[in-house]
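Working through the structure, step by step
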Amino acid sequence: MYRLQSIRKCYGSTVALDIEELTIAEGRLYTLAGANGAGKSTLLSILAFLTPPTSGVIFYGGKRVDWNRGSVEEYRRKVTLLHQSPYLFGGSVHDNVAFGLKVRGIRGEEQRRIVDRALDGVGLQRFRDRKARELSGGEAQRVAMARALALKTEVLLLDEPLANIDRETACLLETVIASLPAQGTTVVMTTHDPDHAGRLNSDPIFLEGGRHVLQSLR
Amino acid sequence: MDFLFSSFASALRLIGSLSPDVFDAVRTSLSVSAGATVFAALLGIPLGLLVGLSDFPLKRLVVTALNTLMAVPTVVVGLLVYGFLSRQGPLGVLGLLFTPTAIVIGGTLLAAPIVANYSLASVRGADPRIVPTALTLGAGRLRAVATLIGEIRYGILAAVIAGFGRVVSEVGVAMMLGGNIRGYTRTMTTAIALETSKGEFAFGMALGIVLMMVALLVNLFLNLLQQR
């Protein structure tokens, strides 16, 4: 799915990321681990096509990524990034989950059906008409997950989706995440929990000081 | 104190009797203020958003200039526009001096920096996750900016209302560019200044009460919207 070659991301004189070679295969689940400041979020941001690298080349689906505006917008529609503390737009839960669908021109009955199915997947269908801003942290995290899942993008990037939420919600989201590769979705998820890699049966990627130090494929 | 109480009672009677002079001043004030606010919003909102959302070499200078323009005395704006609209001025041929249009022009120049600064502050205060969230959900750059504007709409509305407040309460521009012509360019504020100087304190107070009521209504409207 992705092939990164000599990717560097610098902020001033600070090198946030320096990856010589990294391959992310289609339909697999990766856990991205490393200490704070190791470059995990920077890597996710690059993989989400939100931030261009300072130098280096990325291939997506076998094609070299051109960072001009039109191309990047096209790539962004194939990938969704879910932040650790996701932002929910004003309006209802439905409005939030439908946002990406509207952008893609999906409206009416089809949109409603997809939104309902996505909310059902995270156990929140009865929250459909609730105001998004009135939800608890765990509920908001589930809505954001539903919003990402509704798009059925090729890649789902998750920035510590299981941090700062209650155990019950974490178990539910873990089950949802683990089921995604079987549906053809490539998942890259950052985590601080060393048990996640084993529990989710994932391929671990380790970063240290912005450098990719280990990638073990099962 | 008796003087104040009796004037207040007379003022209430004037308002209750719908005095044509009071009515005309209120109508003129509201119409020129609304006109100036619309034009100030058309200029100020895009300017504030543009400065807030983009990075360019002289950005700090532009922000400082916008802040300074907020504090420009109304008479200075009046003087400047007077220079352009007076018979000898470059736009004198248009014959706009001492018309409601002249007050609208002056009011626009007064309110636009306020609307721009408040809009800029709204963008700066916006949650930094809004645009990346919209982008990662597949929105293009323009759609993401539109989403940001939607999320900070109450801040933008407050900017417009602050602009309206500046125009409806000022005297300098209305006096210098409108000429305080009864039934034509006489606004609430110029009427208060004139009538009070003539000793018609109750009339001035009546208009003062109406002015306060307008301010109250505008703020109630804003609060109502924010609670939705």
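Residues numbered from 1 in each chain as written. Chains lettered and ligands numbered in written order. Predicted model: local features only at pLDDT ≥ 70, side-chain atom pairs only at ≥ 80, totals over all residues.

Let us now look at the overall build of chain A. Across its full length, chain A holds seven helices and ten strands. Scaling as 2.2 N^0.38, a compact globule of 218 residues should have a C-alpha radius of gyration of about 17 Å, and chain A matches this with 17 Å. The principal-axis extent of the C-alpha atoms belonging to chain A is close to 45 × 40 × 35 Å. Burial status across chain A gives 43% buried among its 218 residues. Long-range contacts, defined as pairs at least 24 residues apart, comprise 71% of the intrachain contacts of chain A with a sequence gap of at least 6. (Helix = DSSP H or I, 4+ residues; strand = E, 2+ residues; numbered from the N terminus. Rg over C-alpha atoms; globule rule 2.2 N^0.38 Å. Buried ≥ 20, exposed ≤ 12 C-beta atoms within 10 Å, placed from the backbone. Contact = placed C-beta atoms within 7 Å.)

Let us look at the nonpolar core. One finds Ala-146 and Leu-157 of chain A together with Val-115 of chain B to be the most contacted residues of the largest nonpolar core, which totals 109 residues. Top element by residues in this core is helix α5 (residues 100-125) of chain B. It accounts for 13 residues. Once residues lying within four places of it in the same chain are set aside, the contact partners of Val-115 of chain B are Ala-40, Ala-41, Gly-44, Ile-45, Gly-48, Ala-159, Val-160 and Gly-163 of chain B. The next biggest cluster of nonpolar side chains, apart from the first, holds 13 residues, and it includes Val-26, Phe-203, Met-205 and Ala-206 of chain B. (Core = buried A, V, L, I, M, F, W, Y, C linked by C-beta atoms within 7 Å.)

This part takes up the environment of Ala-16 of chain A. Residue and element names in this part refer to chain A. With respect to the helices and strands, Ala-16 occurs in strand β2 (residues 14-24). Owing to 22 C-beta atoms within 10 Å, Ala-16 belongs among the buried residues under this scheme. In this structure, the C-alpha to C-alpha distance between Ala-16 and Ser-179, residues 163 residues apart in sequence, is 32 Å. Apart from residues lying up to four places away in sequence, Ala-16 is in contact with Lys-9, Cys-10, Tyr-11, Gly-39, Thr-42 and Gly-210.

Another point: the confidence of the model for chain A. For chain A, mean pLDDT is 90; residues scoring 70 or higher make up 97% of the total. Looking across chain A, the model is least confident in strand β10 (residues 211-215) of chain A, with a mean pLDDT of 69, and most confident in helix α3 (residues 93-103) of chain A, with 96. (pLDDT = per-residue confidence, 0-100.)

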